[in-house]
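Each chain, letter by letter, is given below.
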Amino acid sequence: MAPLREQLARPGAFVVAAELVTSRGLITADNSRKVLETARELAADPRIDVLSITDNPGGHAMLAPDTLGTDLISRGQEVVIHLSCKDWNRNALESRGWKLGSEGFDNVLALSGDYPVTGHKGLAAPVFDLDSVGLLSLYAEMNEGLRDERKPDTRLDRTNFFLGCVVTNHKRREREVMPQYFKLRKKVEAGARFVINQIGWNTRKDDELLRWIGREGLPVSALANVYLLSPPAARAFNKGKIPGVVVTDELLALAERHGASPDKGRAFFTELAAQHVAVARGLGFAGVYLGGHMPASRFGEILDRAASLAPDDWRAFAPEIQYPFADEFYFFERDPDTKLSSDEVNAAYLESKQKRKTDLHVPVKYKFSRRLHAAAFEPDAPLFPAGRAFYRTVEKSPTARKLAHGLEQAAKVPLFGCRDCGDCSLPDIAYVCPESQCAKNQRNGPCGGTREGLCEVYDTECIWSQAYERLKAYGEEESMLDGPVVVKDNALARTSAWANTFLGRDHNTGG
């Protein structure tokens, strides 16, 4: 079978990826054997081009994806390995990269990961040392030949990773949708070459994603996420039990109605998925990503039904597979003929940008902080040389260093909830602290788990939604994720972030 990168590069390509969710226990356990049997059936199916294997989905400990994948690649099957940051620090992720590359796994889907929900003898501690953007950047560097830390003039052998990512644009609020698009751009800049959108049943948003990618000129192939819905899944999605997945009350009611039919909705849900596949092909996606807990035969039913539809049938289906929130935000205006997106940018959105209208209050402490930052903490700021000279002097005395650090914390803890990481991202996130206010410490944009702007864990406004609104008040939101990938240096923990900035030791000044 041709490598995924070659399949996606073919003109008019439409790749079919099937998702496999691993189970708990040994590969020899009954549940694992069933997954393996399904995987082998799918691998033998010529309609399936690639199998995609999850990594501890939903925050649960599961069988590692490469354990299942080893059997599949030995059969010549193309495999995508999911790799999330929630359980591994950067060293472990690098080690995992060498292992995957050595064993022939070239396709990696980089994820920040779901927050853990359980663990052995209690809740597991999440890691999130890197986020998905940091992971993409690491593996892209490995593809170029990573520098050997023990021999700085030596580069290690190159890996051959074909990197993918996820985008979650099925969101209700502008302050959620736009940062997702900006983060997608950053992911592509970091090395992503294929993207899968998060589960959602709104073809207008699917269409919008493709148009936004085209508008930005991003060199990335997009696969549409098509999920086989069921009443239990619809209930779970509607309650927000799976972060980032949206099932509105309207769609839930439809799922319940068909679930009450004699076949428990089997025919309806198969038809819905098949129509969604047809719409994805018609819109111009490079392929589909089929998910849902189902036997191999059900994947085939969906694909057979989709193939039986006439080439233009998708145009009739597209307006029907739209179950948005009543006030959902769109980047593009609606096309009155297709009921999808047009190429015209949303007029109300443009007006709000022009007027710098925000939906969230912009606090005084932010207005003061940005003034102070511009005056003192930017490398070209008028007070920066004085700050650098001050901290050079302070560094010479342990007592002075301790006193200056204490004064810094006396200001930053009550104002920002500072956790004293020493490598401060407050200026990157409009003075919202990722250490104290983000469960996943996301420094390169939002994760996909927000629900109507709220964090999936803390149930408070997402730090990146807050940052978007604050920056929009100054007309700066478009560039909120511009610049290099941010990776925190943990060696700076419990040291003065101000000293580290002025003396060039943190990520802000390229230390």
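Preceding block: the structure.
Given the structure is predicted, the values throughout are model-derived calculations rather than measurements.

1. Quick word on the overall build of the chain
Part 1 of the reasoning: In terms of regular secondary structure, the chain is built from 19 helices and 12 strands.
Part 2 of the reasoning: Here the C-alpha radius of gyration of the chain, 24 Å, is about what a compact globule of 511 residues would show, namely 24 Å.
Part 3 of the reasoning: Here the C-alpha coordinates of the chain stretch approximately 75 × 55 × 45 Å along the principal axes.
Part 4 of the reasoning: Taken across its 511 residues, the chain has 55% of its residues classed as buried.

2. Brief notes about the environment of valine 485
Part 1 of the reasoning: The topology assignment puts valine 485 in the loop between helix 18 (463–472) and helix 19 (497–502).
Part 2 of the reasoning: Between the alpha carbons of valine 485 and glutamate 189 there is a distance of 9.3 Å; along the sequence they are 296 residues apart.
Part 3 of the reasoning: Apart from residues lying up to four places away in sequence, valine 485 is in contact with Val133, Gly134, Ser137, Lys186, Ala190 and Asn444.

3. Some words on the sheet that holds strand 3 (residues 79–84)
Part 1 of the reasoning: With respect to topology, 8 strands assemble into a closed barrel ordered 1-2-3-4-7-8-9-10, the strand pairing being parallel. On average, each strand axis in the sheet is inclined to that of its neighbour by 25°, with strand direction left out of account.
Part 2 of the reasoning: Bridge count for strand 9 (residues 221–227) against strand 10 (residues 287–291) is 5 bridges, and the pairing is parallel. Looking at the pairing, alanine 224 lines up with valine 288 of strand 10.

4. Let's talk about the environment of cysteine 421
Part 1 of the reasoning: Examined against the element boundaries, cysteine 421 turns out to sit in the loop between helix 16 (398–416) and helix 17 (434–437).
Part 2 of the reasoning: Residue classification places cysteine 421 among the buried residues on the basis of a relative accessible area of 14%.
Part 3 of the reasoning: When the C-alpha atoms of cysteine 421 and alanine 493 are compared, they prove to be 4.3 Å apart, with 72 residues separating the residues in sequence.
Part 4 of the reasoning: In this structure, cysteine 421 is in contact with Glu435, Arg443, Lys488, Leu492, Ala493 and Arg494, ignoring residues within four places of it in sequence.

5. Things to note about the pattern of salt bridges
Part 1 of the reasoning: Considering all chains together, one arrives at 35 salt bridges under this definition.
Part 2 of the reasoning: The closest approach of N and O atoms between glutamate 256 and arginine 235, which form a salt bridge, is 2.7 Å. A residue pair is termed long-range when its members are at least 10 positions apart, and glutamate 256 in helix 9 (residues 249–259) and arginine 235 in helix 8 (residues 231–238) qualify at 21 residues.
Part 3 of the reasoning: Salt-bridge contacts for arginine 305 lead to glutamate 271; the nearest nitrogen and oxygen are separated by 2.7 Å. Of this pair, arginine 305 sits in helix 11 (residues 296–308) while glutamate 271 sits in helix 10 (residues 266–283); the two residues are 34 residues apart in sequence, bridging distant segments of the chain.
Part 4 of the reasoning: We classify arginine 305 as partly exposed; its relative accessible area is 33%.
Part 5 of the reasoning: Among the residues examined, glutamate 271 registers a relative accessible area of 22% and is labelled partly exposed.

6. A short note on the packing of aromatic side chains
Part 1 of the reasoning: Taken as a whole, this structure holds 18 aromatic pairs when the rule is applied.
Part 2 of the reasoning: Measuring from centroid to centroid gives 5.5 Å for phenylalanine 331 and tyrosine 349, while their planes differ by 55°, and the two rings are tilted. Remark: tyrosine 349 occurs in helix 13 (residues 347–355) and phenylalanine 331 occurs in the loop between helix 12 (314–317) and strand 11 (332–334); sequence separation between them is 18 residues.
Part 3 of the reasoning: The exposure class of tyrosine 349 is buried, given its relative accessible area of 2%.
Part 4 of the reasoning: By the ring-pair criterion, three or more aromatic residues cluster together here, those being Phe377, Phe384, Phe390, Tyr391, Trp498 and Phe502.
Part 5 of the reasoning: One Lys or Arg, arginine 204, reaches over the ring of tyrosine 330 and ends 3.6 Å from the middle of that ring.
Part 6 of the reasoning: Against the face of tyrosine 474 rests arginine 370, its NZ or CZ located 3.7 Å from the ring centre.

7. Section: the nonpolar core
Part 1 of the reasoning: Ranked by internal contacts, the top residues of the largest apolar core, which has 117 residues, are Leu184, Trp201 and Leu229.
Part 2 of the reasoning: The biggest single contributor to this core is helix 10, with 9 residues.
Part 3 of the reasoning: Residues Val50, Leu109, Leu111 and Leu223 belong to the second largest nonpolar core, which totals 15 residues.

8. Thoughts on the side chain of arginine 298
Part 1 of the reasoning: Following the sequence through the fold, arginine 298 ends up in helix 11.
Part 2 of the reasoning: Lacking a salt bridge, the buried arginine 298 has glutamate 301 as its closest oppositely charged neighbour, with an N-O distance of 4.2 Å.
Part 3 of the reasoning: Within the structure, arginine 298 has its side chain in polar contact with the side chain of threonine 270 (distance 2.9 Å).
Part 4 of the reasoning: Ignoring sequence-local partners within four residues, the contact set of arginine 298 consists of Leu228, Arg266 and Thr270.

Rules and cut-offs
Residues numbered from 1 in each chain as written. Predicted model: local features only at pLDDT ≥ 70, side-chain atom pairs only at ≥ 80, totals over all residues. Heavy atoms only, no water. Helix = DSSP H or I, 4+ residues; strand = E, 2+ residues; numbered from the N terminus. Rg over C-alpha atoms; globule rule 2.2 N^0.38 Å. Buried < 20%, exposed > 50% of the residue type's maximum accessible area, 1.4 Å probe, protein only. Contact = heavy atoms within 4.5 Å. Pairing = 2+ DSSP bridges. Axes fitted to C-alpha atoms, helices over the stretch in contact; angles between N-to-C directions. Salt bridge = Lys/Arg side-chain N within 4 Å of Asp/Glu carboxyl O. Phe/Tyr/Trp six-rings, centres within 6.5 Å; stacked < 30°, edge-to-face > 60°. Lys NZ or Arg CZ within 6 Å of the ring centre and 35° of its normal. Core = buried A, V, L, I, M, F, W, Y, C linked by side-chain atoms within 4.5 Å. Lys, Arg positive; Asp, Glu negative; His and termini not counted. Polar contact = N/O pair within 3.5 Å; in protein donor to acceptor, adjacent residues only side chain to side chain.

These values are about where atoms sit, not about what they do.
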